[in-house]
Amino acid sequence: MFFFGGGSNLNEMDVKQVHEAIQAKGKDALLLDVRSEGEYAQARVEGSKLISLAILAYKHEDIKDYKDKDVYIICRSGQRSRSACDILTKAGFTSVYNVTGGIMSWGRAGLPVAS
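Residues numbered from 1 in each chain as written. Predicted model: local features only at pLDDT ≥ 70, side-chain atom pairs only at ≥ 80, totals over all residues. Heavy atoms only, no water.

K.L.:
Is there a simple way to think about the overall build of the chain in this case?
P.N.:
Helix and strand counts for the chain stand at five helices and six strands. Taking 115 residues into account, the globule formula puts the C-alpha radius of gyration at 13 Å, and the chain, at 13 Å, falls close to it. Taking the principal axes of the C-alpha coordinates as reference, the chain spans close to 30 × 25 × 25 Å. Looking at the 115 residues of the chain, the share that counts as buried comes to 41%. Positive and negative side-chain charges in the chain, numbering 15 and 14 respectively, have mean positions lying 3 Å apart. (Helix = DSSP H or I, 4+ residues; strand = E, 2+ residues; numbered from the N terminus. Rg over C-alpha atoms; globule rule 2.2 N^0.38 Å. Buried < 20%, exposed > 50% of the residue type's maximum accessible area, 1.4 Å probe, protein only. Lys, Arg positive; Asp, Glu negative; His and termini not counted. Charge placed at Lys NZ, Arg CZ, Asp CG, Glu CD.)

K.L.:
Would you explain the packing of aromatic side chains in this entry?
P.N.:
Each aromatic ring pair is characterised by the separation of its centres together with the angle its planes make. Tallied over the entire structure, the rule returns one aromatic pair. Positioned above the aromatic ring of Y40 is the side chain of R44, whose terminal nitrogen or guanidinium carbon lies 5.6 Å from the ring centre. A cation sits over an aromatic face here: K69 above Y66, 5.5 Å from the ring centre. (Phe/Tyr/Trp six-rings, centres within 6.5 Å; stacked < 30°, edge-to-face > 60°. Lys NZ or Arg CZ within 6 Å of the ring centre and 35° of its normal.)

K.L.:
Sorry, what's going on with the confidence of the model for the chain here?
P.N.:
Detailed reading of the predicted coordinates is not advisable wherever pLDDT is low. Across the chain, pLDDT averages 92, with 92% of residues at or above 70. In the predicted structure, residues 1-7 sits below a pLDDT of 50 and forms twelve contacts with residues beyond four places in sequence or in another chain. (pLDDT = per-residue confidence, 0-100. Contact = heavy atoms within 4.5 Å.)

K.L.:
Hey, could you run me through helix α4 (residues 80-90) in this one?
P.N.:
In an α-helix, one turn spans 3.6 residues, which is why side chains three or four residues apart end up on the same side. Listed in full, the buried residues belonging to α4 are S81, A84, C85 and L88. The buried residues of α4 occupy an angular sector of 105 degrees when projected down its axis, which confines them to one face. Phi turns positive, to about 100 degrees, at G92, one or two residues after α4. (Arc of directions from axis to C-beta.)

K.L.:
Could you clarify how one ought to interpret the environment of S81 in this entry?
P.N.:
Turning to its location among the elements, S81 is positioned in helix α4. On the accessibility criterion, S81 (0% relative accessible area) is buried. Here the alpha-carbon distance between S81 and R35, two residues 46 residues apart in the chain, equals 8.5 Å. Discounting residues that sit within four places of it in the chain, S81 has contacts with V34, I73, I74, C75, N98 and V99. At 3.3 Å, the side chain of S81 and the backbone oxygen of G78 are in polar contact. (Polar contact = N/O pair within 3.5 Å; in protein donor to acceptor, adjacent residues only side chain to side chain.)

Spelled out as structure tokens, the structure:
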């Protein structure tokens, strides 16, 4: 799915599609959470990696092994993750997806959430 706006293309996937993709791909995919540490401590998707949006621009080297793999980016509602998609795309990541609706939609869909 593609969202066209602001002159750039943004890959979007809903939470159920992301959950299925992560289940299927295992370690060949990354679910990146770009919320704050406090938000992450309250509720998170098991197995996700936290790098807050505030530091992603200079911490994306921590996930360089995923430059050519699928990276699904989640936040609270899907706004910060859009910015994170831009950052990673500009850094050379080739397969970046915004998780539509974020952790809020993840929970509403009945998908597993850890705390």
